[in-house]
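An overview of the molecular structure
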Amino acid sequence: MKHQEAALVCFSGGQDSTTCLFWAKKHFKRVEAVCFTYGQKHSLEIDIARKIAADAHVPFQLLDVSLISQLAPNSLTDTSITMDEDKPADSYPNTFVPGRNMVFLTFAAIMARSKGIFHLVTGVSEADFSGYPDCRDTFVRSLNVTLNLAMDEQFVIHTPLMDRDKSEVWQLSDELGVFDLVRTQTLTCYNGVPADGCGHCPACKLRKEGLEKYLKKKSTVDKQ
């Protein structure tokens, strides 16, 4: 099998990465998933990611990069920090884990190379509420060049959700035939509550608003 036919998905078991997993299954003949433990408060997301991958017959591997949680304070890994429920006007929310996506994609590329895989898939999006710098297209393109130079390879980082808001992510999951799976089995909530989540953390509010927007749009289309 040629390496161009395989992809490695950075997979957390959340709405975005699950949608990307099935996007990858549609576009590549072989798909594998890599999940990361980085000191996050809620390990349940790892169990959920493992189950979704198993049900989708996708090989799954877990990597420990928990050192990153010791390098910078953030509310996703430090229980003593109260989570920002809204984005501060002059900075990133404290859910931002500096360097996380850079670390994830770098380790994913190293792993992928050992498997003869040169397509990487990640669920980052510029349309997300936070505006995290490591979710921007310019960052992904820059890292893609850096990885190619560092390992003298031709990796391609795919970002299917880069320009999609949450309603469009729901739409894509529907088009891929996994809308119900994403709605009922994924874990997006920063407080570790599966499916519809806690309802008040930033991730839950974004997910709910996107779902309501998509269902309203779909209902309008169906009535026409």
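Residues numbered from 1 in each chain as written. Predicted model: local features only at pLDDT ≥ 70, side-chain atom pairs only at ≥ 80, totals over all residues. Heavy atoms only, no water.

Digging into the pattern of salt bridges
Enumeration over the complete set of coordinates arrives at 9 salt bridges. With a shortest N-O distance of 3.7 Å, E5 and K29 are connected by a salt bridge. With a gap of 24 residues between them, E5 in the segment before β1 (6–10) and K29 in the loop between α1 (15–27) and β2 (30–37) connect regions that are remote in the sequence. A relative accessible area of 68% means that K29 is categorised as exposed. Residue K166 is joined to D16 by a salt bridge in which the shortest nitrogen-to-oxygen separation is 3.0 Å. With K166 in helix α5 (residues 166–175) and D16 in helix α1, this pair connects stretches of sequence that are 150 residues apart. Residue class for K166 comes out buried when judged on its relative accessible area of 11%. A network of salt bridges, in which partner residues are shared, links R30, E32 and K115. (Salt bridge = Lys/Arg side-chain N within 4 Å of Asp/Glu carboxyl O. Helix = DSSP H or I, 4+ residues; strand = E, 2+ residues; numbered from the N terminus. Buried < 20%, exposed > 50% of the residue type's maximum accessible area, 1.4 Å probe, protein only.)

Here's the deal with α5
Three or more residues of α5 are buried, namely K166, S167, V169, W170, L172 and S173. Count one or two residues on from α5 and you reach G177, which has phi positive near 80°.

So, the packing of α5 against helix α7 (residues 202–223)
Between α5 and α7, the shortest axis-to-axis distance is 7 Å and the interhelical angle comes to 65°. Relative to α7, α5 is oriented so that their crossing is right-handed. Contacts between α5 and α7 involve K166, S167, W170, Q171 and D174 from the first element and L206, R207, G210, L211, K213, Y214, K217 and K218 from the second. Classifying every residue of the contact of α5 with α7 gives 4 nonpolar, 3 polar and 6 charged. (Axes fitted to C-alpha atoms, helices over the stretch in contact; angles between N-to-C directions. Left-handed = near helix turned anticlockwise from the far one by under 90°. Contact = heavy atoms within 4.5 Å. Nonpolar A, V, L, I, M, F, W, Y, C, P; charged D, E, K, R; others polar.)

Here's the deal with the packing of aromatic side chains
Counting across every chain of the model gives 8 aromatic pairs. Plain terms: the ring middles of F118 and F155 are 5.3 Å apart, the flat faces sit at 40° to each other, and that makes the pair tilted. Separated by 37 residues along the polypeptide, F118 in the loop between α3 (100–114) and β4 (119–121) and F155 in the loop between α4 (137–151) and β5 (156–158) bring together distant segments of the chain. Each of the two residues, F118 as well as F155, counts as buried. One aromatic cluster in this structure is built from F36, Y38 and F104. (Phe/Tyr/Trp six-rings, centres within 6.5 Å; stacked < 30°, edge-to-face > 60°.)

Side note on empty space enclosed by the protein
Applying the stated rule across the entire model yields 2 cavities of 30 Å³ or more. By volume, the largest cavity is sized at about 810 Å³. Considering the residues around the largest cavity, the lining is formed by 35 residues, among which S12, D16, Y38, R100 and Y190 are closest to the centre. Looking at the lining of the largest cavity, the elements that each hand over two or more residues are α1, β2, α3 and α7. For the lining of the largest cavity, the residue count by class is 17 nonpolar, 12 polar and 6 charged. Here the second largest cavity is characterised by a volume of approximately 30 Å³. Contributing to the lining of the second largest cavity are S125, A127, D128, R164, D165, K166, V169 and L206. Looking at side-chain class alone, the lining of the second largest cavity contains 3 nonpolar, 1 polar and 4 charged residues. (1 Å grid on protein atoms, 1.4 Å probe; cavity = no way out; pocket = protein on both sides within 12 Å on 5 of 7 lines; lining within 4 Å. Points joined across faces, edges and corners; volume = space filled by probe spheres on them.)

Overview of the packing of α1 against α5
Orientation of α1 relative to α5, taken along the N-to-C sense of each, is 35°, at an axis distance of 10 Å. In this structure, the crossing between α1 and α5 has a hand that is left-handed. Contact residues: Q15, D16 and T19 in α1; K166, V169, W170, L172 and S173 in α5. Residue classes in the contact of α1 with α5 are distributed as 3 nonpolar, 3 polar and 2 charged.

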